[in-house]
Amino acid sequence: MARYVLRRLVVSAFVLLGISAAVFFMLHLVSESPGRVVLGQRASPEAVAAFNREHGFDRSVITQYLAYLGQLLRLDLGRSYKLNEDVATLLAQYAGRSAMLSLAGLVVALAVAIPLGILQAVRRNSLVDRATTAVSYVLYATPSFLLGLLLIAIFSQALGLFPAEASQSHSPWVVFTDPWAMALPVTTLAAGSITVFAQYQRSSALDQLGQDYIRVARAKGLPERLILLRHLLRNACLPLITLVGTLVPTLLAGNLIVESLFNYPGLGLLFLNSLHREDYPVLLAYTLIGGVLTVAGNFVADLLVAAADRRIELRK
Amino acid sequence: MRRHPLALAGGVLLVLIAGFCFLGPLVYPTNQTDVDLVNAALPPGPGFPLGTDTNGFDVLGRLMAGGQVSLQIGLLAALFATTIGTIYGAVAGLAGGVVDAFLMRLVDVMLSIPFLFFVLILSARFHANAVTLALVIGCFSWLLSARLVRGEVLTLRVREFVLAAKVMGASRSRVILTHLIPNALGVIIVNVTFQVADAILVVSALGFLGFGLTYPAADWGSQLASGVTYISADYWWLVYPVGGCIILTVLALNLLADALRDAIGRPTSVRS
Amino acid sequence: MSNVSLELGRGETLGIVGETGSGKSMTGLAIMGMLPAGGRVTGGTIDFTGRDLLAMNPRHYRGNDIAMIFQDSLTSLNPTKKIVEQVAEPVRLHRAASRRAARERAEQMLTQVGIKRDGYPHQLSGGQRQRVMIAMALVCEPEIVIADEPTTALDVTIQAEILDLLDELRSARGMSMILITHDMGVISQRADRVGVMYGGRVAESAPTATLFGHTRHRYTRALLSSIPTLAHDRHEALFSIPGSPPDLTRPEPGCPFAPRCEAATDRCRQEQPPFTGTYACWHPAGGPARTVTRERIARGKSGDTLLKVDGLVREHPAGRRTVKAVSGVSFEVAAGETFGLVGESGCGKSSLGRMLVGLDRADSGEILFEGEKVTRPRPAVQMMFQDSGAALDPRMRIGRILREPLVIQGIGDRDERVRRLLGDVGLPEGVLDRYPYELSGGQRQRVGLARALALDPKVLIADEPVSALDVSIRSQVLNLMRRIQLERGLSSVVISHDLAVVRYLADRVGVMYLGKLVESGTTDEVYGSTAHPYTAGLLAAVPEGEKSGTRVRGELPSSIDPPSGCRFRTRCALATETCARVEPPMTSLGGTHRVACHYPLQGGRNG
């Protein structure tokens, strides 16, 4: 077990190294001369060259990359071109709020999708199942920003129940401190995942319902409710854990759209704004963090599944 | 097909949508090149059944033109991704052993890369046209096809009918051509269908984030994206028709793919 | 399923026997109130000590008064719960016991069935899982236990142990049991009364001795005559029942067995025979229980050695370790001869079969066919697979499947050859345009045989040729294989776990245990004067076999790390220290009879 974790950590380190190299070289390709970006179009070529020389941007890409890696080891993510702040400080400011949004979306999605999927499996082909499946299909086919807009149009503009803009509070606990303003963003974020999770949970629960141990539990005289709670639930959720682990990039993309749509000051919005500002150190850092989260998501999911299901031996 | 009413519905819907996009302009030709600010942002009415957009383009005609682009991008991206994924997955599955382990570990690594960020960074700098957009999307969606095809090949490879062919003296290429490919084809076709749907959604998300196709080319995604900026101005006809088109198309593709998957998943149940 | 009436006395074992789809499992599930979705009891009563079960909520008696044991499968226990907790569950439910008390009771019950440690289900072998299932069923001391194919998925030696355990516990508690199975042997040994089901009806019901001694229903009689047994005269052909069991989704008037019955008349085809209390047949049989075919089996003349296997070894990796599937096996097969390979699951017989046809390569040792080394498949050595459903490409029509070997080998005149093959295996030409799933299991197996014959092989390797088939169809296929082999002068290697099947088909037999050949000789030698304790144990474990022999006890050791010396010693009653130290060599007992044992049961020298 300990050896497995160690091995995974080493592999993860290599993966992250690969990602960092890929992003770094791509950004280098996109923008060779940070001096031009920082000093603006009007700056003289000499000034730009001087700036680049001063900050070491005239060295070879490899040297620059190695220097960047050295920085990373000291947890230094570099300095923003445009905001006159350390990237690490900048990200730290926004990270809490983005994490809250993501977590709230994930929790809501799971809380709805797990029981829903099991209900659909138990009542297979009933009206409830068919109606839920139909809604899932339509929701899945709806681009999430369109869904968010529809929610705004209905609940904010027509009914006036919720504000159209997310909370602008700087506290990371926005979801709790300003629940009204966060209702629509969290719903939009969750809706995208619910359709995927519920359909996945449904088919996983159907698989489990067909297994012999369910029949055995029935023969013991257990009422259906207990069969579901004690026997089906845990086994049916195992594939979902893996799915959530692999879906981290998708969840991050969801954040990007929701933050942009509801003008929610989080990492996603920071990324998009930095994209417009050509603020490359920020883009680089956030992409790396996305990679870390993805790798960590897969890793944690594998550990959780292994802990819940002893058939899986952590070797390799 | 008769036993799968949803597949039929999906298929018919898809044919109708394709007909609307590709044959529609023949019946209802519109000017989609010259800006006409006099007739900008008109609500639906005589002459403009779905109104005009802020550049004065007829929305109905624009839906047809945009649909062509969206469907082409989706199909191209899906074919690209599936081709690469199929070849890669098949090679891994057939080779087995160390080659397989290496190739699949590589896929694992690539799956950990947050591709949307890459795409966004790239498209911020380089202006995408329909083909490059399709290729870029294809580049990050072939990984799952590769996994899928490899899994399929691995299971097929040890199935008894494949062993039987080998005992009869069938060559490797014969086994692949007459047994593996026909049996894996179903899975691959289903995969293409799903991927067309997903590509259309990704393009629309990119459009919304401001990194889709650039004006004057316009797929449904960028149309919708530009429409939503005016939603507070009550220009609803710039949002709902195109939103509906995307939803219907993706829905039709997914219905079709799901039903196809059901159909190939249980080849023995066609009985009775 | 219709009109099923059966009776079970206290402390009695009622056997319900029937084939797939005969309704035997439905009968058990109906009692438990557990019919699958869409199924329900539309009429009749189920009377349990004066109460009508159909009027009760089944949850109140399930697992408490009446318990059920199912066929073992990998998923018969919840994979994420420890077994003690799973066994304790009914106690907590029905006895309102505390968690602690329930666990104690569960542990006690598990000890009684021979499970000493708690753990997760995947750590158990099939036999152990079935013991846990028994503990789970009996933990609340039910009055009736329904065992539905409790040993079908298990090896014979384990099967015998499980059935013994069930019998023991049943008689110790004065419990009644309903034993549902397709295996006539199990029924004849274990049941007090028997109900024979066919086509959703009870065909015949009688005390066991009466049923087997004085069979009345034509189906029972035909079935008993078609099953190969260890007592059967090897030189007499088995009776073949034509056709296949009825499709219950398309009910026909009249007796369900009429289309396959020798004695059927128009009345049988039109009128449903009433159940008299012992049988439902218009023309009940009298006299002996079996139809004697009086057809003598002509055995082919054995010629020169055709296939020679010498010191064959095959190991394959399992994670980091190595499974020693086949560890030095040698034998010869002469032209026109049938060699039978017997052994339980995991003994390496299928790995051996794959090497014989050249699908896998041996790690050491060699296979010589007509003096030439076999390294890859060749037309002269062909294979018939266990499950033709899996061995026929689902996307090809039968015509194309049968033409495939001819295409591969570039043989012309295909249509004519395919037609002849169909004739040989007794299939109509109509099947050529069908897909495999449109055929019955017996028909598919005939197609599999026809395909194996298409290249005119000299040796046919048949891996479990009838194990996947319904009981009443097996003898058709066995007789067909026998006939074709004789006609073509074909040699064959029949691989099977079924001792009676091998005995019926084979001229010579090899017994395998954990990758080694432990005994070989002519069929009469091996079955008649058994020398190896393992062979004797196998024969004793066969349900209809003699109960006198020494049973094989315990579990099969892992083939990753097999025991030192004699691999069988861990389960052998006669094992000594020598057996652990020295591996017994194959030694001749005279004639062709050879055994690898330090203390053979028959004469010979000690090693």
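Going by the annotation in an unreviewed UniProt entry, the name recorded for chain C is Peptide/nickel transport system ATP-binding protein, with Nonomuraea soli given as the source organism. For the record of chain C, the UniProt heading Subcellular location (unreviewed entry) holds the text "Cell membrane".

Naming follows an unreviewed UniProt entry, where chain A appears as Peptide/nickel transport system permease protein of Nonomuraea soli. Looking at chain A in UniProt, the text filed under Sequence similarities (unreviewed entry) is "Belongs to the binding-protein-dependent transport system permease family." Within the UniProt record for chain A, the comment given under Subcellular location (unreviewed entry) is "Cell membrane".

Caption draft 1: Highlighting the overall build of chain A. Within chain A, the secondary structure is distributed over 14 helices and zero strands. Secondary structure elements of chain A occur, N-terminal to C-terminal, as α-α-α-α-α-α-α-α-α-α-α-α-α-α. Burial analysis of chain A (316 residues in total) assigns 51% to the buried set. A sequence separation of at least 24 residues applies to 70% of the contacts in chain A between residues at least 6 apart. A total of about 14700 Å² of accessible surface is found on chain A, and carbon and sulfur atoms cover 65% of it. In chain A, 26 positive and 19 negative side-chain charges are present, and the distance between their average locations comes to 12 Å.

Caption draft 2: Fine view of the pairing of strand β6 (residues 176-181) of chain C. Residues and elements named next belong to chain C. Most of β6 is tucked away: six of the six residues are buried. Burial of the side chains of β6 extends over both faces: S176, I178 and I180 are buried on one face and M177, L179 and T181 on the other. In this region the chain leaves strand β5 (residues 144-148), passes through helix α6 (residues 156-173) and returns to the parallel neighbour β6; the handedness of that crossover is right-handed.

Caption draft 3: Examining the packing of aromatic side chains more closely. Overall, the coordinates contain 17 aromatic pairs over all chains when judged by the stated rule. Here the aromatic rings of F271 of chain A and F117 of chain B are separated by 4.9 Å at their centres, their planes lie at 40 degrees, and the arrangement is tilted. Of this pair, F271 of chain A sits in helix α13 (residues 267-277) while F117 of chain B is found in helix α5 (residues 115-125), placing the two residues in two different chains. Each of the two residues, F271 of chain A as well as F117 of chain B, counts as buried. Arranged with centres 5.3 Å apart and planes meeting at 90 degrees, the rings of Y198 of chain C and F257 of chain C form a pair that is edge-to-face. Of this pair, Y198 of chain C sits in strand β7 (residues 193-198) while F257 of chain C sits in the loop between α9 (218-226) and α10 (266-270), placing them 59 residues apart in sequence. Both residues of the pair, Y198 of chain C and F257 of chain C, count as buried. Members of the aromatic cluster, joined through ring pairs, are F24, F25, Y65 and Y68 of chain A.

Caption draft 4: Fine view of the interface of chain C and chain B. Each partner contributes to the interface: chain C provides 29 residues, whereas chain B provides 21 residues. The largest share of the area that chain C buries against chain B comes from R395, I408 and Y437 of chain C, three residues that together contribute 29% of it. Residues E404 of chain C and R174 of chain B are paired through a salt bridge, measuring 3.8 Å at the closest nitrogen-oxygen approach. Listed by contribution, the elements that provide at least two residues to the side of chain C that touches chain B are β14 (381-384), α12 (388-391) and α13 (398-408) of chain C. It is α13 of chain C that provides the largest number of residues to the side of chain C that touches chain B, a total of five residues. Among the residues making up the side of chain C that touches chain B, the classes are represented as 17 nonpolar, three polar and nine charged.

Caption draft 5: Expanded view of the sheet that holds strand β9 (residues 305-318) of chain C. Residues and elements named next belong to chain C. Strands sit in the order β10-β9-β12-β13 across an open sheet of four strands; the sheet is antiparallel. Edge strands, defined here as strands with exactly one partner in the open sheet, are β10 (321-334) and β13 (372-373). Sheet topology note: the β9/strand β12 (residues 364-369) ladder contains five bridges and is antiparallel. Counted as the bridge partner of V313 is S364 from β12. Those strands touched by helix α11 (residues 349-356) are β9, β10 and β12, and its axis lies near 60 degrees from that of β10.

Caption draft 6: How the structure looks around the interface of chain B and chain A. Counting residues at the interface gives 36 residues for chain B, matched by 40 residues for chain A. Summed over both partners, the interface of chain B with chain A buries about 3300 Å², with 82% contributed by carbon and sulfur atoms. Applying the counting rule to chain B against chain A returns two residue pairs in polar contact (both at pLDDT 80 or more). Looking at the side of chain B that touches chain A, the elements that each hand over two or more residues are α4 (97-111), α5, α8 (172-208), α9 (220-228) and α10 (240-265) of chain B. Among the elements that make up the side of chain B that touches chain A, the one with the highest residue count is α10 of chain B (nine residues).

Caption draft 7: Summary view of the UniProt feature "domain: ABC transporter" (unreviewed entry) in chain C. According to UniProt, the "domain: ABC transporter" (unreviewed entry) feature falls on residues 1-224 and 307-539 of chain C. Helix makes up 36% of residues 307-539 of chain C and strand 29%. Its end C-alpha atoms lie 28 Å apart.

Caption draft 8: Summary view of the nonpolar core. Core analysis: the biggest nonpolar cluster contains 123 residues, and F271 of chain A together with L120 of chain B have the highest contact counts within it. Ranked by residues supplied to this core, first place goes to α10 of chain B with 11 residues. Beyond its immediate sequence surroundings of up to four residues, F271 of chain A is in contact with L256, L283, Y286 and T287 of chain A together with F117, L120 and I121 of chain B.

Caption draft 9: Spotlight on the side chain of R131 of chain C. All names here are of chain C. Tracing the chain through its elements places R131 in helix α5 (residues 126-138). Within the structure, R131 has its side chain in polar contact with the backbone oxygen of V113 (distance 2.7 Å). Discounting residues that sit within four places of it in the chain, R131 has contacts with V113, G114, I115, E161, I162 and L165.

Caption draft 10: Structural context of the environment of A109 of chain A. Residues and elements named next belong to chain A. By the element assignment, A109 lies in helix α5 (residues 87-122). The exposure class of A109 is buried, given its relative accessible area of 0%. When the C-alpha positions of A109 and T195 are compared, they lie 8.7 Å apart, and in sequence the two are 86 residues distant. When sequence neighbours within four positions are dropped, the list of residues in contact with A109 reads A190, S193, I194 and F197.

Caption draft 11: Here's a closer look at the environment of L148 of chain B. Residue and element names in this part refer to chain B. Along the polypeptide, L148 turns up in helix α6 (residues 130-157). Each C-alpha atom, one on L148 and one on V27, is 42 Å from the other, the two residues being 121 residues apart in sequence. Not counting chain neighbours up to four residues away, the residues in contact with L148 comprise V187 and N191.

Caption draft 12: Representation of the UniProt feature "transmembrane region" (unreviewed entry) in chain A in the model. Taken from the UniProt record, the annotation "transmembrane region" (unreviewed entry) applies to residues 9-30, 99-122, 134-159, 179-198, 236-262 and 282-308 of chain A. Note that residues 134-159 of chain A is 88% helix and 0% strand, and that its end C-alpha atoms are spaced 26 Å apart.

Caption draft 13: How the structure looks around the packing of α5 of chain A against helix α6 (residues 127-141) of chain A. Residues and elements named next belong to chain A. Running from N to C, α5 and α6 cross one another at 130 degrees; their axes reach a closest spacing of 8 Å. As summarised for this structure, α5 and α6 are arranged oblique, according to the angle between their axes. Considering only the axes of α5 and α6, their crossing is left-handed. On the side of α5, the interface is formed by L116, L119 and Q120, while α6 contributes V128, D129, T132 and T133.

Caption draft 14: Layout of unusual backbone geometry. Residue and element names in this part refer to chain C. Of note in this structure, E149 is not a glycine but carries a positive phi near 45 degrees. Mapped onto the secondary structure, E149 falls in the loop between β5 and α6. Its relative accessible area of 9% is what places E149 among the buried residues. At D456, a position not held by glycine, the phi torsion is positive, near 50 degrees.

Caption draft 15: Representation of the sheet that holds β6 of chain C. Residues and elements named next belong to chain C. The strand order across the open sheet built from six strands is β4-β5-β6-β1-β7-β8, with neighbouring strands paired in mixed fashion. Strands at the two margins of the open sheet, each flanked by one partner only, are β4 (66-69) and β8 (201-207). On average, each strand axis in the sheet is tilted by 15 degrees relative to the strand beside it, whichever way the strands run. In terms of strand pairing, strand β1 (residues 13-17) meets β7 through four bridges, oriented parallel. Residue L14 lies in a different strand from β7, and its bridge partner there is R193. Running at roughly 155 degrees to β6, α6 makes contact with β1, β4, β5 and β6 of the sheet.

Calculation rules
All chains use their own residue numbering, which begins from 1 and follows the written sequence. For this description, chains carry letters from A and ligands carry numbers from 1, given in the order in which they are written. Only residues with pLDDT of 70 or above have their local features reported here, since the model is predicted, and side-chain atom pairs are shown and tallied only from 80 upward, although totals for entire chains, interfaces and linings are computed over all residues. Calculation of side-chain values draws on the structure's entire complement of heavy atoms; hydrogens and water are dropped beforehand. UniProt positions are given in the numbering used here, feature names are shortened, and annotations may be inferred rather than shown by experiment. Elements are defined by DSSP. Helices are runs of H or I of four residues or more, strands are runs of E of two residues or more, and each kind is numbered from the N terminus. Here the term buried applies to any residue with accessible area under 20% of the maximum for its type, exposed to any over 50%, and partly exposed to those in between, with areas from a 1.4 Å probe on protein chains only. It only takes one pair of heavy atoms within 4.5 Å for two residues to be counted as in contact. To be clear on the numbers: accessible area is Shrake-Rupley with a 1.4 Å probe, and residue cover counts the displayed protein chains and nothing else. Charged-residue counts in this description rest on Lys and Arg as positive and Asp and Glu as negative, His and the chain ends being excluded. The atom standing in for a charge is NZ when the residue is Lys, CZ when it is Arg, CG when it is Asp and CD when it is Glu. Seen with its strands pointing away from the viewer, a crossover is right-handed if its path from the first strand over the helix to the second goes clockwise. Stacked, tilted and edge-to-face are the three classes applied to pairs of Phe, Tyr and Trp rings, where Trp contributes its six-membered ring and a pair requires centres within 6.5 Å; stacked means planes under 30 degrees apart, edge-to-face means over 60, and tilted covers the rest. Buried area is a sum: the accessible area each of two parts loses on coming together, probed at 1.4 Å, counted once for each and added. Put simply, a salt bridge is a Lys or Arg side-chain nitrogen that is within 4 Å of an Asp or Glu carboxyl oxygen. When residue character is reported, Ala, Val, Leu, Ile, Met, Phe, Trp, Tyr, Cys and Pro are called nonpolar, Asp, Glu, Lys and Arg charged, and the others, Gly included, polar. A pair of strands is treated as paired once DSSP finds two or more bridges between them. Lines fitted to the C-alpha atoms define the axes, with helices restricted to the stretch that makes contact. Angles between their N-to-C directions range from 0 to 180 degrees. In the analysis that follows, any N or O atom pair within 3.5 Å is treated as a polar contact, provided that within protein one partner can donate a hydrogen and the other can accept it, and provided that, for residues neighboring in sequence, both atoms belong to side chains. In this description, a nonpolar core means a group of buried Ala, Val, Leu, Ile, Met, Phe, Trp, Tyr and Cys residues linked to one another through side-chain atoms lying within 4.5 Å. Relative orientations are named as follows: roughly parallel for angles under 35 degrees, roughly antiparallel for angles over 145 degrees, roughly perpendicular for angles from 65 to 115 degrees, and oblique for any other angle. Crossings are sorted by hand: turned counterclockwise from the far helix by less than a right angle, the near helix makes the crossing left-handed, and turned clockwise it makes it right-handed.

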